[in-house]
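# Examining the three-dimensional arrangement
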Amino acid sequence: MGLNDIANKLRVTSGKWQGPLLKKLYERLQAMNVTDRRDDSDGWHASSIPYLCPRELALRSLFPKPATADDWDPRSLMRVDVGSAVHGWWQNKYLGPANILFGNWVCRGKCQQRWQECLMPSRKCKDCGGTIDFTEIQMRDEATGICGSTDGILMLDGDRWGFDLKTSHEDGMSRLKEPYESNVWQMNLYMHMLGLTKALIVYVDPVCRFWREKNGKELESLPVLEFRIDYDRKWWDKAVEVTKAAQKIKDEIKAGTWGGELPGRICENPSVFRAKDCPSSQECFTMGIEAKAKELTAAVAKK
């Protein structure tokens, strides 16, 4: 028996969630998918608004999609947790001790003391010796219901900068020339609610790989990209417009007064990225769906 044969015999995992540990991990991730989902009923979250589609809300009411055991992605869930951990490293180990991260802080020790809107008080609590961690700044615009939490405010060059940290797991990050539009939109909403005029969007590779071009040449590149953006009011106005349309649909469906008029499509065709990931894409692009929606709504109203 060769070394490869021995290795294959010892290896439990082969691309599936099998083995004594991975089975338990899969069960835990499946449970988290149900219990740890964010509740969006308290408002329109800035991170979700770039993907918000009033038409999808309407179609989901007519063609509900039953949740199944396979209606989730453990890989994506783990990536979210990796991203959360990286945020903690940057806030509590890098930016906080560097005395440039402005926000809220809490002692994780016995006293549970809190500090609001300040730089990091210290690495350890002077009262009980507990670790001091950053807690994100919560924001909400009562007039629109737009809300969110920022990764902090940076104090740089004597000025205040918005800060949004994004983890990237793709080699394409090395060729990213500008921030993603959805990230720009999200950061502009934060800047509007915080009264800021500029911000930094930072992309970080959590495993700090060297990026390689297709020819295999190794690139000398940092595992971090930084982009400056300036506040642009158009993103706030666009968010207000789309959330108003979505709220109107939700309220009318709940009250039973919606007449079945579908909002316009956001996606140009079913091949764009947003449409491919939409559970209502098939119905959205079905010929005659506008008439069908009115027909179904009228039938429900007669019951």
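Residues numbered from 1 in each chain as written. Predicted model: local features only at pLDDT ≥ 70, side-chain atom pairs only at ≥ 80, totals over all residues. Heavy atoms only, no water.

## Thoughts on helix α5 (residues 181-194)
Residue pairs three or four apart in sequence face the same way in an α-helix, which turns once every 3.6 residues. What counts here: Only DSSP runs of H or I reaching four residues or more are called helices, and only runs of E reaching two or more are called strands; each is numbered from the N terminus. Any helix carries an expected span of 1.5 Å times its number of residues minus one. We call a residue buried when its accessible area falls under 20% of the maximum for its residue type, exposed when it is over 50%, and partly exposed in between, using a 1.4 Å probe and counting protein chains only.
With 14 residues, α5 should reach 20 Å at 1.5 Å per residue; the first-to-last C-alpha distance of 20 Å fits that figure. Counting buried positions along α5 gives eleven out of 14 residues, so the element sits mostly inside the fold. Within the span of α5, buried status applies to Ser182, Asn183, Val184, Trp185, Gln186, Met187, Asn188, Leu189, Tyr190, Met191 and Leu194. Two residues or fewer after α5 comes Gly195, characterised by a positive phi angle close to 70°.

## Notes on empty space enclosed by the protein
Convention followed: Residues are called lining when one of their atoms sits within 4 Å of a cavity or pocket point, these points coming from a 1 Å grid over the protein atoms alone, where a cavity is a set in which a 1.4 Å probe fits but cannot get out and a pocket is an open set with protein on both sides within 12 Å along at least five of seven lines. Grid points are joined across faces, edges and corners, and a volume is the space filled by probe spheres set on the points.
The final tally for this structure, using the stated rule, is one cavity of 30 Å³ or more. Empty space within the largest cavity amounts to approximately 120 Å³. Lining of the largest cavity is provided by 14 residues; of these, Cys53, Cys267, Arg274, Cys278 and Cys284 occupy positions nearest its centre. Counting only elements with at least two residues in the lining of the largest cavity, the list comes to α3 (54-62), α7 (273-276) and α8 (281-284). When residues in the lining of the largest cavity are grouped by element, the largest group, three residues, is from α3.

## Points about the sheet that holds strand β5 (residues 137-141)
Quick reminder of the rule: Strands were regarded as paired on the criterion that DSSP finds at least two bridges between them.
Read across the open sheet, the three strands follow the order β1-β6-β5; overall the sheet is mixed. Because the sheet does not close on itself, it has two edges, and the strands there are β1 (44-45) and β5. The pairing of β1 with strand β6 (residues 146-150) spans two bridges and is classified as parallel. Paired with Trp44 across the two strands is Ile146, which belongs to β6.

## A word on the state of the cysteines
By definition, a disulfide links two cysteine residues through a covalent bond between their sulfur atoms. The condition is simple: Pairs of cysteine sulfur atoms within 2.5 Å are identified as disulfides in what follows.
One pass over the structure, following the stated rule, counts zero disulfides. This cysteine, Cys111, is not joined by any disulfide, and Cys125 carries the nearest cysteine sulfur, 3.5 Å off. With relative accessibility at 35%, the residue Cys111 sits in the partly exposed group. Exposure remark for Cys125: the relative accessible area of 5% places this residue in the buried category.

## Focus on the pairing of strand β8 (residues 159-167)
Looking at chain direction, strand β7 (residues 153-156) and β8 are connected through four bridges and run antiparallel. By the bridge assignment for β8, Leu154 is matched with Trp161. Here β7 folds back onto β8 in antiparallel fashion, the turn holding two residues, of which Asp157 has a positive phi close to 55°. Here β8 runs beside strand β9 (residues 198-204); their pairing, made up of six bridges, is parallel. By the bridge assignment, Phe163 is partnered in β9 with Leu200.

## Digging into the packing of α3 against helix α6 (residues 233-255)
The angle between the axes and the distance between the axes are what describe a pair of packed helices. To keep things clear, this is the line we draw: Axis definition: a line fit to C-alpha positions, over the contact stretch in the case of helices; interaxial angles, taken between N-to-C directions, run 0 to 180 degrees. Between 65 and 115 degrees an angle is taken as roughly perpendicular, under 35 as roughly parallel, over 145 as roughly antiparallel, and anywhere else as oblique. Less than a right angle of anticlockwise turn of the near helix away from the far helix marks a crossing as left-handed, whereas a clockwise turn marks it as right-handed. Whether two residues touch is decided by their heavy atoms; if any such pair falls within 4.5 Å, the residues are in contact. Put simply, Ala, Val, Leu, Ile, Met, Phe, Trp, Tyr, Cys and Pro go in the nonpolar bin, Asp, Glu, Lys and Arg in the charged bin, and everything else, Gly too, in the polar bin.
Relative orientation of the contacting elements α3 and α6 amounts to 15°, with a least axis distance of 8 Å. By the criterion of interaxial angle, the relationship of α3 to α6 is roughly parallel. Handedness of the crossing formed by α3 with α6: right-handed. Where α3 approaches α6, its residues Pro54, Leu57, Ala58 and Ser61 are matched on the opposing element by Val242, Ala245, Ala246, Ile249, Lys250 and Ile253. Along the lines of polarity and charge, the residues of the contact of α3 with α6 split into eight nonpolar, one polar and one charged.

## Observations concerning the side chain of Arg55
Take Arg55: it is sitting in helix α3. The residues contacting Arg55, other than those within four sequence positions of it, are Leu262, Pro263, Gly264, Arg265, Cys284, Ile289 and Glu290.

## Considerations on the environment of Lys276
Inspection of the secondary structure puts Lys276 in helix α7. Its relative accessible area of 65% is what places Lys276 among the exposed residues. Not counting the four nearest positions on each side in its chain, Lys276 is found in contact with Pro270 and Ser271.

## A few points about the packing of α5 against α6
Following both chains from N to C, one finds α5 and α6 inclined at 95°, their axes separated by 8 Å at the closest point. One finds that α5 runs roughly perpendicular with respect to α6. Of α6, the residues touching α5 (which contributes Glu181, Val184, Trp185, Asn188, Leu189, His192 and Met193) are Arg233, Trp235, Trp236, Lys238, Ala239 and Val242. Of the residues belonging to the contact of α5 with α6, the class tally is eight nonpolar, two polar and three charged.

By themselves, these are just geometric observations and shouldn't be taken as functional.
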